[in-house]
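Structural characterization, general
One-letter residues, chain by chain:
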Amino acid sequence: MIPEEKLPNLFDVLCKGKYESARPTECSIERINSHFGMNFPVSLVRFMQASKYYAEQFCLFDESYQSYFHIIRTNSLYKNIRRRRHGRWRYVMPRSFVLIKSNPDDRHLALDTSKYNPVTGEFGLQYWFPGYEKEFGDSYPDFNTYMRSLIEYLLREADEVRLAACEAILAAP
């Protein structure tokens, strides 16, 4: 099993990022937690604070609140979209979802606040497509499980140079 502290470095090598992301600050995390009325999982916050290229895959958690890719703005775009279904207006996104990854192909990754584990302080993660009211796609019990799965996939697809860099990271104490 890949240790949690090595996940950001492995991700940075494998994601092929071109632009470094502004890291979340204590102030930005506090504001985001306050906005959503919840505390984001510590593992997610630690990952984003340690990764140079986290924004290649995830919403921004920094202080660029007006950015289209910021978590607050991304969620505001989807939270209030409603469609008529069976004669009634219904919200497209389940109310328990908080998007942490938004893709142009409408395959989004959300924290599911209805799947909170009080022992670990983690939320379940669920892939979501707009318009699906039920769970759809892969789900994960916590953020680190998702990241390990993503990194294992990226390792299978990696070229020799990236694979050698990842092996060096994994071998380091």
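Preceding this section is the structure that the text describes.
Residues numbered from 1 in each chain as written. Predicted model: local features only at pLDDT ≥ 70, side-chain atom pairs only at ≥ 80, totals over all residues. Heavy atoms only, no water.

1. A short note on the sheet that holds strand E4 (residues 108-117)
Threshold: Each pair of strands is called paired provided DSSP finds at least two bridges between the two strands. To qualify as a helix, a DSSP run of H or I must reach at least 4 residues; to qualify as a strand, a run of E must reach at least 2; elements of each kind are numbered from the N terminus. Whether two residues touch is decided by their heavy atoms; if any such pair falls within 4.5 Å, the residues are in contact. Geometry is summarised by axes, namely lines fitted to C-alpha atoms with helices restricted to the contacting stretch, and by angles between N-to-C directions that run from 0 to 180 degrees.
Here we have four strands laid out as an open sheet, ordered E3-E4-E5-E6, and antiparallel in their pairing. Two strands bound the open sheet, and with one partner strand each, they are strand E3 (97-101) and strand E6 (139-140). Bridge count between E4 and strand E5 (residues 122-128): seven bridges; the pairing is antiparallel. The residue bridging Leu109 from the neighbouring strand is Tyr127, located in E5. Strand contacts of helix H4 (residues 71-79): E3, E4 and E5, with the helix running at about 130 degrees to E3, the strand carrying the most contacts.

2. So, the packing of helix H2 (residues 26-36) against H4
Two quantities define a packed helix pair, namely the angle between the helix axes and the distance between the axes. We count it as follows: Each angle is binned into one of four classes, with values under 35 degrees roughly parallel, values over 145 roughly antiparallel, values of 65 to 115 roughly perpendicular, and all other values oblique. Less than a right angle of anticlockwise turn of the near helix away from the far helix marks a crossing as left-handed, whereas a clockwise turn marks it as right-handed. Each residue is assigned to one of three groups, with Ala, Val, Leu, Ile, Met, Phe, Trp, Tyr, Cys and Pro labelled nonpolar, Asp, Glu, Lys and Arg labelled charged, and all others, Gly among them, labelled polar.
Orientation of H2 relative to H4, taken along the N-to-C sense of each, is 20 degrees, at an axis distance of 10 Å. As the angle between them shows, H2 and H4 are arranged roughly parallel. Note on packing geometry: the crossing formed by H2 with H4 is left-handed. In this structure, H2 uses Ile32, His35 and Phe36 to contact H4, whose residues at the interface are Ile71, Ile72 and Asn75. In terms of residue class, the contact of H2 with H4 is built from four nonpolar, two polar and no charged.

3. What about the pairing of E4?
Sheet topology note: the E3/E4 ladder contains four bridges and is antiparallel. For Phe97, the partnering residue across the bridge sits in E4 and is Asp112. Between E3 and E4, which pair antiparallel one after the other, the connecting turn spans six residues, and Asp106 there sits at a positive phi close to 65 degrees. Where E4 folds back onto E5 in an antiparallel hairpin, the turn is made up of four residues, including Gly121, whose phi is positive at roughly 75 degrees.

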